[in-house]
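Remarks on the overall topology
As a plain string of letters, each chain reads:
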Amino acid sequence: MISIGGAIGTGLFLGAGSRLQAVGPGLALVYLVCGVFAFLMLRALGELVMYRPTSGSFVSYAQEFLGPRASYVAGSLSFFSWAMTGIVDITAVALYMHYWGIFVSVPQWVMALMALVVVTAMNLVGVKWFGEMEFWFSLIKVAALVIFFAVGSIILGMHSPVAGATPGFSLITEHGGIFPHGIMPALVLMQGVVFAYFGIEMIGTAAGECQNPREVVPAAINNVIWRIAIFYVGTVTLLVLLLPWSSYQAGVSPFVTFFSRLGVPGMGGIMNLVVLTAALSSLNSGLYSTGRVLRTMALDGAAPRYLSRMNRQSVPSAAILTTVAIYLIGVGLNYLLPSQIFEIMLNMASLGVISTWCFILVCQMKLRQAIDAGRIAPTSFAMPGAPYTTWATLVFFIGILVLMAFDYPTGTYSIAAVPILALLLVIGWKMMGGRPIPVEPQTQFSAILTDALPPRSETDSDREDAQ
């Protein structure tokens, strides 16, 4: 259910509106291409998980295959991407709440703060409650999409007019074709589409707290590709066949737009409640992921030691609350930049997303090299077509970063911020002393996987005892 929740989030329920406006019907093809490469990345992660399940996920693999500096950079960029995503999500929650007239007078930053308080409480009481909350969030999202498909398919099949427009391919051909603005806007906005898939790699993180990871994870990963085909490609295709692509706009969920134009009383409000759930789900997942990643970095000596602390429910509370402190900055930005904050944070998050996925691919390359050399036994879930598919996926993601620079102004400014981000990473590494606590991979795995060990001691002797 976590993998489903990761594959259906704010990027689809809210972001699709602005992307349809910018790209047109061709957005479905963009989702398809990006979805194939996202799935290949996930298969690379699957091979790593089959080798060694851990809730440290790719940060732990980077430590083993690429060294402490790479592990530090991978973890920092993952934290950065989830921190930016969290700000995107609380902003989305606030925007959704303003759909209802009773909340229009409530400031955007207040709504963002309320959402943050609720999700933080759920993450601190234990992983069981996180899983329960994510299950219901995922169920609501899937049910909503099923209802949309059912209603939309009936209307399309009967050619029943929606707000004066007759559904069908004529809505595409008579409104500029597949790419009404040309191919370049579609290429430039690929980073936003990649962001829509952000979260599917949480399958690797959750594997460390899964009862039978080697049985559950392959099935979960292989099911992602049809979810991408149905939930993204199929959904966007149906949207542009039901209404002209120009009917959708930034800041409003395309699903809310459709049901509002349909004229069914209350359906627009119900769909808005569903997309609100999607944003809360993404925020919930972000806190879960960053808490485990930061704790892994702390155990590696690549982050402050206090981040390894657990509460009585075996939850990395120090790491979660540190993430919440960053999200509070986002609350402030909702006060200062209420209209621009969503797109700015989305572009910044995309930088971290793509970097995180590239680390996963490089780690899989190193694992396969070790397997080919006979140092590691082959896994039961090898990435298909490797190393060629791994290289192709890596080149694709790097190409997206290059294209992002042409997305003026937010994309251009995001790429321009890379040197500043690199400088902050160097400063952080120097502040940590430039070297991690020496922990053997096998020992590190057991410490991370249990997620119930007490925080490590400050002395060398106590550290050895803990190991």
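What this report covers is the structure whose coordinates are included nearby. (Residues numbered from 1 in each chain as written. Predicted model: local features only at pLDDT ≥ 70, side-chain atom pairs only at ≥ 80, totals over all residues. Heavy atoms only, no water.)

A word on the overall build of the chain
On a plain count of helices and strands, the chain comes out with 22 helices and zero strands. Burial statistics for the chain: of 467 residues in total, 57% are counted as buried. Taking all contacts inside the chain whose residues are at least 6 apart in sequence as the whole, residues at least 24 apart take part in 80%. (Helix = DSSP H or I, 4+ residues; strand = E, 2+ residues; numbered from the N terminus. Buried < 20%, exposed > 50% of the residue type's maximum accessible area, 1.4 Å probe, protein only. Contact = heavy atoms within 4.5 Å.)

A few points about the nonpolar core
The biggest cluster of nonpolar side chains holds 147 residues, and the ones touching the most others in it are Phe 13, Tyr 31, Tyr 197, Trp 357 and Phe 397. With 19 residues, helix H17 (residues 341-372) is the largest single contributor of residues to this core. The contacts of Phe 397, once residues within four sequence positions are left out, are Phe 37, Ala 38, Met 41, Ile 354, Trp 357, Cys 358 and Leu 361. (Core = buried A, V, L, I, M, F, W, Y, C linked by side-chain atoms within 4.5 Å.)

Topic: helix H4 (residues 27-51)
Each α-helix turn comprises 3.6 residues. Residues three or four places apart therefore point the same way. If you check H4, its first and last C-alpha atoms are 36 Å apart, about what 25 residues at 1.5 Å a residue would give, namely 36 Å. Where burial is concerned, most of H4 is hidden: 20 out of the 25 residues are buried. (Expected span 1.5 Å × (residues − 1).)

Examining the packing of aromatic side chains
Inspection of the entire model under this criterion finds 16 aromatic pairs. Between Phe 148 and Phe 255, the aromatic rings sit 5.1 Å apart at their centres with planes inclined by 85°, giving edge-to-face as the arrangement. Of this pair, Phe 148 sits in helix H8 (residues 127-158) while Phe 255 sits in helix H14 (residues 254-262); the two residues are 107 residues apart in sequence, bridging distant segments of the chain. Directly above the aromatic system of Phe 381 lies the positively charged group of Arg 43, at a separation of 4.0 Å from the ring centroid. (Phe/Tyr/Trp six-rings, centres within 6.5 Å; stacked < 30°, edge-to-face > 60°. Lys NZ or Arg CZ within 6 Å of the ring centre and 35° of its normal.)

Observations concerning the pattern of salt bridges
Counted under the stated rule, the structure contains two salt bridges. Glu 47 is paired through a salt bridge with Arg 368; the nearest N and O atoms lie 3.0 Å apart. One end of the pair, Glu 47, is in helix H4; the other, Arg 368, is in helix H17, and 321 residues separate them in sequence. Neither Glu 47 nor Arg 368 differs from the other in exposure class; each is buried. Salt-bridge contacts for Arg 52 lead to Glu 64; the nearest nitrogen and oxygen are separated by 2.8 Å. Taken together, the residues span a long stretch of sequence, with Arg 52 in the loop between H4 and helix H5 (57-65) and Glu 64 in helix H5 at a distance of twelve residues. (Salt bridge = Lys/Arg side-chain N within 4 Å of Asp/Glu carboxyl O.)

Some remarks on unusual backbone geometry
Residue Pro 387 follows Ala 386 across a cis peptide bond; omega there is 5°. Position of Pro 387 relative to the elements: it lies in the loop between H17 and helix H18 (388-404). Although it is not a glycine, His 159 sits at a positive phi angle of roughly 55°. Mapped onto the elements, His 159 comes out in the loop between H8 and helix H9 (170-173). On the accessibility criterion, His 159 (46% relative accessible area) is partly exposed. In this model, Ala 163 sits at a positive phi of 55°, which is unusual for a non-glycine residue. You can see Ala 163 is positioned in the loop between H8 and H9.

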